[in-house]
Structure formats: structure tokens, C-alpha cells
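# Topology and contacts: notes
Residues per chain are reported as follows:
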Amino acid sequence: MKVDVLLGLQWGDEGKGKIVDVVTPDYNIIARFQGGPNAGHTLIFEGQKQVLHTIPSGIFRKNTVNVIGNGVVIDPITLKAEIEAIEAKGVDVASNLMISRKAHLILPTHKILDKYSEESKGKKKIGSTLKGIGPTYMDKTGRNGLRMGDTESPNFKAKYNALVEKHQNILGDYDYQNILNEFESVWFEALEFLKKIPLIDSEHYINQAIKDGKKVLAEGAQGTMLDIDFGTYPFVTSSNTITAGTCTGLGVAPNRIGDVIGIFKAYCTRVGSGPFPTELDNEIGEEIRKIGHEYGATTGRDRRCGWIDLPALKYACMVNGATKLAMMKADVLDKFETIQVCTHYEINGEKVDYFPYDITDLEITPVYKEVKGWNKDLTQLQDLKDAPQEFLDYIAYLESELHVPISIVSVGPDRAQTIIRS
Ligand code: GDP
Ligand code: IMO
Ligand code: MG
């Protein structure tokens, strides 16, 4: 068997959690391969809502194993809170969740460093979620990090102290002691709590599962335009959010990758700082935000809203090797007479149809094609044969531009509001 991948093609929050939850019955294992508590994946079913940050979105389906892979960074405090919230809903998390020994730990001082870094950047701040993501991945690549497997070592406290000392040297006289005092003991308590979740060598576990004919789905976090290599650098996260991240974040070889399901909204959003060519900093953007409830699932911040951006989407399909697409939140556009689709950019008077090197300092004017809206309520739609023609035209137009079939169409936040095309 091969590992299928589901990941975001835009700037995150495309609806990954919802679709992973929908397709989980087709899989034996759901595995996260990167990111950490910066993610907020929303699941809504049977009148319940749950936002997941570190736990894979298969956790509510019985008989599915959920794996937090080596590429993920873990904050024990957030993970404990998440487990407790799910247990309160009657799910036996400990029997359905496993954590890679090689996953790195987010220390309280990583979160302080994240805040310190953002404050020292001033107006140039990334708009980080302040979950300690950047500093933790820096320690990973700087070969200083602590991993979940270290918690099994008798020297763990000494390793922890050595890393904290490094952080204190960086922080100097920055005012952080109160935060550290508040969180350090809670952090160690949370690690104790996590002892009930099995630590595994997840690369062996997943490769054995593939050999045994089990079906594995890798669940991305963030989105392609936030990828550390291919996103709108430096306004990105600190991990590889693209398909290749599955290989390094789970120990799965490239020739073991099967379908790559790229997920996007029928429009576009971004939270945090950084370039966003099709942003609508006006009443249309505000309307999309209100109808689509575009407020961060992790931080509650307003999400910036804009029209769909084809050059960015084509780029994302290319670097991910997307084989299928899922289009989300089309219902949010139900009331729009017309919809704009960005087909090109204009840069220095020239028409550009690819995603350029560094768009931070470029004066980019999006060029739009206007398409007719469907002006009908899609939220009850169960079958595309009942869909308004304008909506079918919108899907067909995007497919013809992206050269990848749209095989999932989502028309509402609930699990049930999903159309799978054969
Ligand atoms: P993720 O990070 O990619 O999992 O996405 P988020 O959960 O952060 O954000 C997606 C938001 O849109 C959540 O509030 C979902 O409940 C909601 N959502 C998902 N699909 C749809 C849809 O098709 N229509 C509408 N209206 N909302 C949706
Ligand atoms: P999900 O998985 C949207 C953004 C932050 C910031 C930048 C860097 O829910 O789609 P970080 O905390 O990672 O150092 O922040 O990345 N960001 C997200 N935006 N969805 C996410 O995750 C995000 N995770 C990080 O807003 O701009
Ligand atoms: Mg999210």
C-alpha cells in the first residue's frame, strides 16, 4: 500500500481537519507529519465541535490509529489539554494515539523565545501563533533539541536544564522569569500525564503497516504558501508543509506516496503578516470574513480574506504533485452576484502567470476574470447533479486551469455537508 497525503494548498485553514475526519473511515492510520500546536483543525459532527492542534483528525473514528510523527513539534501542555477535552467526549484517546520518539519538544522557553523574537522584529513580525514553533525547529536543525524519546532517559532533567540555559543566554535581561515560573511545573506535570500515550519508533510502525496492507493518510498542517522553502518567505512557518514533508516527517520513502489530495477554499484567506496578492482589504473581504466565520481556530485573530489566486494554486499543485483536489467553503460565496478569479499578476507592467521569487517587496496587481455567481444556497446540496449550473461551471473552470480533478466539494462545516465525486 501507499501513503495518501492530504494537505493545504493556500495559507492554511483550508478545512483539512474536516476532510480528514470525513475520509478517515477509508484509512487504518492517520498521521501528522509536521507543525504542532500552531495548527487548529476544526471538526464538526453530530452537533459537536472540536478543534485539534496536535492530534490527528482521525481521533473521533473508532478503530483508527492516530500517529504524531517525528516531524511534529509537541507542547505537552497543549497536548494534555487536547487529550482531556477529547476524553471528556467519551473517546479512549490512549488506545488510539501514538507519538514518535523522534518528535521534538516545545519547552516553555521556546514559547518565550517566540514572543521575544516577534517583539524584537517590531513591524516586521511574522505574526507567529506564539506557540514556540520557530524556536523549536531552530533547535532541531541546530542540533540542540529535546525529543519525546529523551523523556525515557534518566538524564532528561539534565538535558532540559542545559537547553534552558542556552535559551537564557539568548534572552539575557528580557523579562521572562514570571512566565517561566508559571509554566515550567505545569509543563513537567503534562509530560507525566502523557506517559499513558505510547511512544513508538513511528517510521518502523508506518512502514510495517504499509507492508501489511494497511491504509495510511498523512495529514498536513498549515499550507503550501507557508512552507519554509516554497512559501512567502520569511512570512512562513518553520516546517515543510508540502508532500515532501511527509517523507521526512514520517520516514516514508517518496516511492511510497500515493494520492496527494490538495485542499483549497473557493476563495482565499491568510492569518498573520506577509504578502497576499488577492487580499480584499474592503467591505467584500469583510463580508467573506463574516459569512465564512474567518477567525483563527488557534488564536482567534481575524483572517485576512481575498479572491482565489490561480498562480499561487498552480504553484502549490506543482510542488505537491497534487493528484486530487478538495474545494471548500463554496457556500460562503452563495450570495455573491459575481466572483473574481485571479488568473495572472501584473508586475512592473508585465503580465506574470507564475508565482515569483519574493513577493514581499513587489508591487503586484492581481488580474481577474469575472465569473457569474450561483446565487443559490448550497448548504443542503448532496449531489452535484442538483447543483446550479454556474457552480458546476466554476468547478469545471478551476479544473481546466489547475489540471487536477476536484474530487471533493464541501458546502458547509459539518461532516455531512460534503460531496465526494466518483
Ligand atoms: P484547517 O486548519 O485546514 O483544518 O481549517 P480550520 O478548521 O482552521 O478552518 C476551517 C473553518 O471552516 C472551520 O471553522 C470549519 O468548521 C469551517 N469549514 C470547513 N469546511 C467548510 C465549508 O465547506 N463551508 C463552511 N461554511 N465552513 C467550512
Ligand atoms: P492550520 O494547520 C493558518 C501562520 C501564522 C503566521 C505564520 C508563522 O490550522 O492550517 P508559526 O506560529 O507557525 O511560527 O506562525 O504561519 N500559521 C497558520 N496560519 N493556519 C495554520 O495552521 C497556521 N499555522 C501557522 O499565522 O503567519
Ligand atoms: Mg486551522
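Our subject in this report is the structure included herewith. Owing to the predicted nature of the structure, the values given are computational and were not obtained by experimental measurement.

## Description of the packing of helix α2 (residues 76-87) against helix α6 (residues 177-193)
The interhelical angle for the contact between α2 and α6, taken along N-to-C directions, is 55 degrees, at an axis separation of 8 Å. The pairing of α2 with α6 is recorded here as oblique in orientation. Crossing geometry of α2 relative to α6 is assigned as left-handed. Between α2, through Pro76, Ile77, Lys80, Ile83, Glu84 and Glu87, and α6, the contact on the second element is made entirely by Phe183, Val186, Trp187, Ala190, Leu191 and Phe193. Of the residues in the contact of α2 with α6, the class split is 9 nonpolar, no polar and 3 charged.

## Remarks on the coordination of the magnesium ion (ligand 3)
By definition of the ideal shapes, a tetrahedral metal site with four donors has angles of 109.5 degrees and an octahedral site with six donors has angles of 90 or 180 degrees. The magnesium ion (ligand 3) binds to the protein through Asp13 (OD) and Gly40 (O); the donor distances cover 2.0 to 2.2 Å. With Asp13 in the loop between β1 (3-8) and α1 (16-23) and Gly40 in the loop between β2 (29-32) and β3 (41-45), this residue pair connects regions lying 27 residues apart in the sequence. Judged by its relative accessible area of 11%, Gly40 falls in the buried class.

## Re the site of ligand 2
Looking at ligand 2, there are 21 residues lining it, with Asp13, Lys16, His41, Thr129 and Thr237 nearest. With respect to ligand 2, the side chain of His41 contributes an N or O atom lying 2.7 Å from an oxygen atom. Between ligand 2 and Arg301 there is a distance of 2.9 Å, counted from an oxygen atom to a side-chain nitrogen or oxygen. Expressed as a share of its isolated accessible area of 550 Å², the protein-covered part of ligand 2 is 97%. Residues belonging to the shell around ligand 2 are distributed by class as follows: 8 nonpolar, 10 polar and 3 charged.

## Details of the environment of Gly249
Among the secondary structure elements, Gly249 is positioned in helix α8 (residues 243-250). Apart from the residues lying within four places of it in its own chain, the contact partners of Gly249 are Phe33, Gly69, Asn70 and Gly71.

## What about the site of ligand 1?
Near ligand 1, the surroundings consist of 20 residues, among which Gly15, Lys16, Thr42, Asp331 and Ser410 are the closest. In the model, an oxygen atom of ligand 1 is placed 2.9 Å from a nitrogen or oxygen of the Gly17 main chain. For ligand 1, the protein covers 93% of the area, taking 580 Å² as the surface of the free molecule. At the level of elements, α1 and β3 are the ones that each hand at least two residues to the shell around ligand 1.

## Notes on the pattern of salt bridges
The full count for this structure, using the stated rule, is 24 salt bridges. The shortest N-O distance in the salt bridge between Glu152 and Arg101 comes to 2.8 Å. In this pair, Glu152 sits in the loop between α4 (133-141) and α5 (156-171) while Arg101 sits in the loop between β7 (97-100) and β8 (104-105), placing the two residues 51 residues apart along the sequence. The partly exposed category is assigned to Arg101, whose relative accessible area is 26%.

## Observations regarding the environment of Asn66
Structurally, the position occupied by Asn66 is in strand β5 (residues 65-68). Sequence spacing of Asn66 and Ala322 is 256 residues, and the spatial spacing of their C-alpha atoms is 23 Å. Contacts of Asn66, omitting those with residues within four sequence positions, involve Ile30, Pro56, Ser57, Gly58, Ile59, Asn96, Leu97 and Met98. A polar contact is formed between the side chain of Asn66 and the backbone oxygen of Thr64, at a distance of 3.3 Å.

## Points about the packing of aromatic side chains
Considering all chains together, one arrives at 13 aromatic pairs under this definition. Ring geometry for Tyr315 against Phe355: centres 5.5 Å apart, planes inclined by 25 degrees, an arrangement best described as stacked. Placement of Tyr315 in helix α10 (residues 310-320) and of Phe355 in the loop between β17 (350-352) and β18 (364-372) is noted, with a sequence separation of 40 residues between them. Each member of the pair, Tyr315 together with Phe355, is buried. Among the aromatic residues, ring-to-ring pairing joins Phe156, Tyr160, Trp187 and Phe188 into one connected group. Of note, Lys111 hangs over the ring of Phe183, and the distance from its end group to the ring centre comes to 5.4 Å. In this arrangement the basic side chain of Lys215 is found over the ring face of Tyr27, its NZ or CZ atom lying 5.0 Å from the centre.

## Some details on the nonpolar core
Membership of the largest hydrophobic core comes to 59 residues, with the highest contact counts inside it found for Phe264, Leu325, Met327, Phe391, Tyr394 and Leu398. Counting residues per element, this core draws most heavily on helix α11 (residues 389-402), at 6 residues. In this structure, Tyr394 is in contact with Ala266, Ile308, Met327, Ile339, Val341, Val371 and Trp374, ignoring residues within four places of it in sequence.

## Some thoughts on the pairing of strand β19 (residues 406-410)
Where burial is concerned, most of β19 is hidden: 5 out of the 5 residues are buried. Sheet topology places strand β15 (residues 324-328) next to β19; 3 bridges connect them, and they run parallel. Bridge pairing in β19 links Met327 to Val409. Judged from the 3 bridges that link them, β19 and strand β20 (residues 418-420) form a sheet pairing that is antiparallel. Directly across from Ile408, in β20, lies its bridge partner Ile420.

## Examining helix α9 (residues 283-291)
The complete set of buried residues in α9 reads Gly285, Ile288 and Arg289. The arc enclosing the buried residues of α9, seen along the axis, measures out at 100 degrees, which places them on a common side. Away from the buried face of α9 by more than 90 degrees, exposed residues Glu283 and Lys290 are located. Where α9 is buried, its residues meet β13 (304-306).

## Concerning the side chain of Arg289
Along the chain, the position of Arg289 falls in helix α9. Sequence-distant contacts of Arg289, that is, excluding residues within four places in its chain, are made with Glu294, Tyr295, Asp302, Arg303, Arg304 and Cys305.

What counts and how
Residues numbered from 1 in each chain as written. Chains lettered and ligands numbered in written order. Predicted model: local features only at pLDDT ≥ 70, side-chain atom pairs only at ≥ 80, totals over all residues. Heavy atoms only, no water. Axes fitted to C-alpha atoms, helices over the stretch in contact; angles between N-to-C directions. Helix = DSSP H or I, 4+ residues; strand = E, 2+ residues; numbered from the N terminus. Parallel < 35°, antiparallel > 145°, perpendicular 65-115°, else oblique. Left-handed = near helix turned anticlockwise from the far one by under 90°. Contact = heavy atoms within 4.5 Å. Nonpolar A, V, L, I, M, F, W, Y, C, P; charged D, E, K, R; others polar. Donors = N, O, S within 2.8 Å, 3.2 Å for Na, K, Ca; no water. Buried < 20%, exposed > 50% of the residue type's maximum accessible area, 1.4 Å probe, protein only. Near = heavy atom within 4 Å. Polar contact = N/O pair within 3.5 Å; in protein donor to acceptor, adjacent residues only side chain to side chain. Areas by Shrake-Rupley, 256 points an atom, 1.4 Å probe, with all protein chains shown as cover. Salt bridge = Lys/Arg side-chain N within 4 Å of Asp/Glu carboxyl O. Phe/Tyr/Trp six-rings, centres within 6.5 Å; stacked < 30°, edge-to-face > 60°. Lys NZ or Arg CZ within 6 Å of the ring centre and 35° of its normal. Core = buried A, V, L, I, M, F, W, Y, C linked by side-chain atoms within 4.5 Å. Pairing = 2+ DSSP bridges. Arc of directions from axis to C-beta.

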